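# Reading the structure
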Amino acid sequence: MDKAKTNVWAVINKPLVFLEDNASALFLSVSVLTMCYEVAARYILHTSVYWATEWTPFLITWAMLLGNAILIRRRGHIAITMVQNSLKKDSDKTILDLYIALINIIFCVFFIISSFQMVHEAAVKHTLSESLLQTPMWIPYSMMILAGILMIIRSGEKIAEAAYVLSGTPGWYKTLLIPALLILTTVIVLLVLFLNSALLVMAAALLIFLILGVPITYSLGLATIIAILAFRVIGVNGLASKMFWSINKYSLLSIPFFVISGNIMAKGNLGKYLLDFAASGLRSLHGGFAISIMFASIVFAAISGASAAAAAALSVIALPMLVQKGYPREFGAGLIATGGTLAIIIPPSSLMILYGATAEVSITDMFKAGVVPGLAVSFILMIYIYIVSKTKGYGVADEKFSWGDIWKTFRKAIWALIMPVAILGSIYSGICTPTEAAAVSVIYAFIVCVFVYRDVNVKQFWEIMKDSVRTSAFILAITMTASLFGFLITMERFPQLILRAVTDSNIGRVGILLLINLVIFILGFFMNPGAIILIVVPIILPVAKMLGINPIHLGIIITVNLEIALLTPPVGANLYVLASTGNMPVQSVIRGVVPFIIILLIALMVITFVPQITLAIF
């Protein structure tokens, strides 16, 4: 009977998987083409393509909504797993998985009810888009309903999987975890009934969900929805609208576009070409090969904007070579993991884009502001590598400098070296917006890797598109639920309360900067950098503005701080990338990154209190 049910579900599930994976990848691919067509139409046809401006965000939004279902199916959402990891019994872990799936499904129920009301209202009122195209808005809104249905199905699938496992586990119910979960759930209900503060209810529910390991996306979403509905801040019909328009933003489109171009480059041999070119000019220098890895990281950062992709691409090639040349494996892992973090401080950076959209500041200005700090941090790291290599005898210079080698490797790497210059040059010169430049970078990366380097084929490209959906969907899924969080704290005037507390305490500008850095540094141990931006920025930005802190400077401070978060356990992404690709324990990678973290902390303090470094390019 179980086998028959499994076979029936396999028949149903196969077309659902096909729909989720391929439809989302198709929407993302078409959005790249429409954005590139808009650029071509402006400069070649000398005309404006207004339908592309409207429908590209819709297509991206659709891809990201379907991506939510994919993330649930593949367990791709990020969560704090300390409780899960501390459980000894497999049955307890399954019970917690079941509870988390139930939380997810409750969020999805609110999501789909609100989405249905939004679509119905748009259809009844004949709501049209504000562009010349005048699209009936029930059409783009309808994807919210389809995505909600798929999310419920995927959450239900996880519930069924957990229930099936528990049904075959004798005595699974003999555990203190079940009453503990019931007590915590009761606590949330009691807080709703007896507290008179939406903020306190939201904060308590959020803390409980995060500690239990509910994905950050759904922790934020459900905790805020509970508070909003319990205190009637807005009706359930307003939830879907806020979530839809939070990701249907032109400025956010560049995130998935840069993710695609970075993934294309990472799939090929770009890292090898860059590394060979950098190494060819540094062979006669003590520690030259290690320094060349940092140089390759800079170029890769200026191409992809994705830290994990940069670290993974370089570690596969460079770590074995470092060990072969006599560098300790821990030192090499720390170097490459840190080099990967440059992707979020050197533009184009997905975190800068996210900050710019959240803080409503120019993304172009954020990119400009990141150039000097990014290069300065890179230079400091190179100096440290040289000093350590010289002092401890790593990477003894045993090869002569050769212009011939430089020219040979340069010819191979030139297409990769052109890309960051073209991207940033087109943005800074005003030829393209960051979003348009990101879309064009995808086409450039495709042409270079498929037709010039020929290390990526068309079949791999489609898999890259699917993978890019998952990476981008995670970022924008948090953006979607964080929009409700930002709305609630604004309505409850929480930033004003913080500002009053700061003013009364006479903490001052220096004190608030130190406090901001401390809070973000601590959060970086437990939360994803994107989530930190979306949660913290709406709270601290008004306070910072009132104290005369430039929002662009604040953005760079936060970005550098979050660069460190990628290296700190237990959720530092680059630690696990190096542990996986380097086939070494996470503890060894952690020991390798500690000296680099200290250097980054020093750099953070300098950037924090010397704003001229950030604003020098203006």
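A few words now on a nonpolar patch on the surface. On the surface, Tyr 37, Tyr 43, Ile 44, Leu 45, Tyr 50, Trp 51, Leu 132, Leu 133 and Ile 431 cluster together to form a nonpolar patch covering roughly 940 Å² of accessible area. Those elements that place two or more of their residues in the nonpolar patch are helix H1 (2–45) and helix H2 (50–73). Per-element accounting of the nonpolar patch gives the leading share, four residues, to H1. Looking at the secondary structure, you find Trp 51 in helix H2. A relative accessible area of 38% places Trp 51 in the partly exposed class.

The interhelical angle for the contact between helix H4 (residues 90–124) and helix H9 (residues 237–247), taken along N-to-C directions, is 90 degrees, at an axis separation of 7 Å. When the axis of H4 is compared with that of H9, the two are roughly perpendicular. Counted together, Phe 107, Phe 111, Ser 114, Ser 115, Gln 117, Met 118 and Glu 121 of H4 and Asn 237, Gly 238, Leu 239, Ala 240, Ser 241, Met 243 and Phe 244 of H9 form the full contact between these two elements. Here the contact of H4 with H9 is composed, by residue class, of seven nonpolar, six polar and one charged.

Take the confidence of the model for the protein chain next. Mean pLDDT over the protein chain stands at 87; residues scoring 70 or higher make up 97%. Ranking the helices and strands of the protein chain by mean pLDDT puts H4 first, with 94, and helix H20 (residues 494–505) last, with 76.

So, on to the nonpolar core. Grouped together as the largest cluster of nonpolar side chains are 216 residues, with contacts concentrated most on Phe 209, Phe 257 and Tyr 355. Sorting elements by how many residues they give to this core places helix H19 (residues 458–491) first, with 16 residues. Sequence-distant contacts of Tyr 355, defined by excluding residues within four places in its chain, comprise Glu 360, Val 361, Met 366, Ile 533, Val 537, Leu 541, Pro 551, Leu 554, Gly 555 and Ile 558.

Remark: the centre distance and the inter-plane angle together describe each pair of aromatic rings, the angle taken between the planes. By the definition in use, this model includes 22 aromatic pairs. Pairing Trp 55 with Phe 58 gives two aromatic rings, centres 5.1 Å apart and planes at 80 degrees, and the pair type is edge-to-face. Separated by three residues within a single helix, Trp 55 and Phe 58 lie in helix H2, roughly one turn from each other. For Phe 58, a relative accessible area of 2% puts it in the buried group. Aromatic side chains Phe 446 and Phe 461 sit 4.7 Å apart centroid to centroid with 65 degrees between the ring planes, which places their arrangement in the edge-to-face category. Of this pair, Phe 446 sits in helix H18 (residues 434–452) while Phe 461 sits in helix H19; the two residues are 15 residues apart in sequence, bridging distant segments of the chain. For Phe 461, a relative accessible area of 16% translates into the label buried. Taken together, the ring pairs in this structure connect Phe 27, Trp 55, Phe 58, Trp 62, Tyr 141, Phe 244 and Trp 245 into an aromatic cluster. A cation over a ring is seen here: Lys 242 above Phe 487, with NZ or CZ 4.1 Å from the ring centre. The side chain of Lys 325 reaches across the aromatic face of Phe 289, ending 5.3 Å from its centre.

What follows deals with unusual backbone geometry. Leave glycine aside and you will find that most residues have negative phi; peptide bonds, for their part, are mostly trans. Backbone torsion omega between Pro 347 and Pro 348 reads 5 degrees, so that peptide bond is classified as cis. For Pro 348, the location among the structural elements is in the loop between helix H14 (329–341) and helix H15 (350–359).

Calculation criteria
Residues numbered from 1 in each chain as written. Predicted model: local features only at pLDDT ≥ 70, side-chain atom pairs only at ≥ 80, totals over all residues. Heavy atoms only, no water. Patch = residues over 30% accessible without salt bridge, like charges linked within 9 Å, V, L, I, M, F, W, Y side chains within 5 Å. Areas by Shrake-Rupley, 256 points an atom, 1.4 Å probe, with all protein chains shown as cover. Salt bridge = Lys/Arg side-chain N within 4 Å of Asp/Glu carboxyl O. Helix = DSSP H or I, 4+ residues; strand = E, 2+ residues; numbered from the N terminus. Buried < 20%, exposed > 50% of the residue type's maximum accessible area, 1.4 Å probe, protein only. Axes fitted to C-alpha atoms, helices over the stretch in contact; angles between N-to-C directions. Parallel < 35°, antiparallel > 145°, perpendicular 65-115°, else oblique. Contact = heavy atoms within 4.5 Å. Nonpolar A, V, L, I, M, F, W, Y, C, P; charged D, E, K, R; others polar. pLDDT = per-residue confidence, 0-100. Core = buried A, V, L, I, M, F, W, Y, C linked by side-chain atoms within 4.5 Å. Phe/Tyr/Trp six-rings, centres within 6.5 Å; stacked < 30°, edge-to-face > 60°. Lys NZ or Arg CZ within 6 Å of the ring centre and 35° of its normal.

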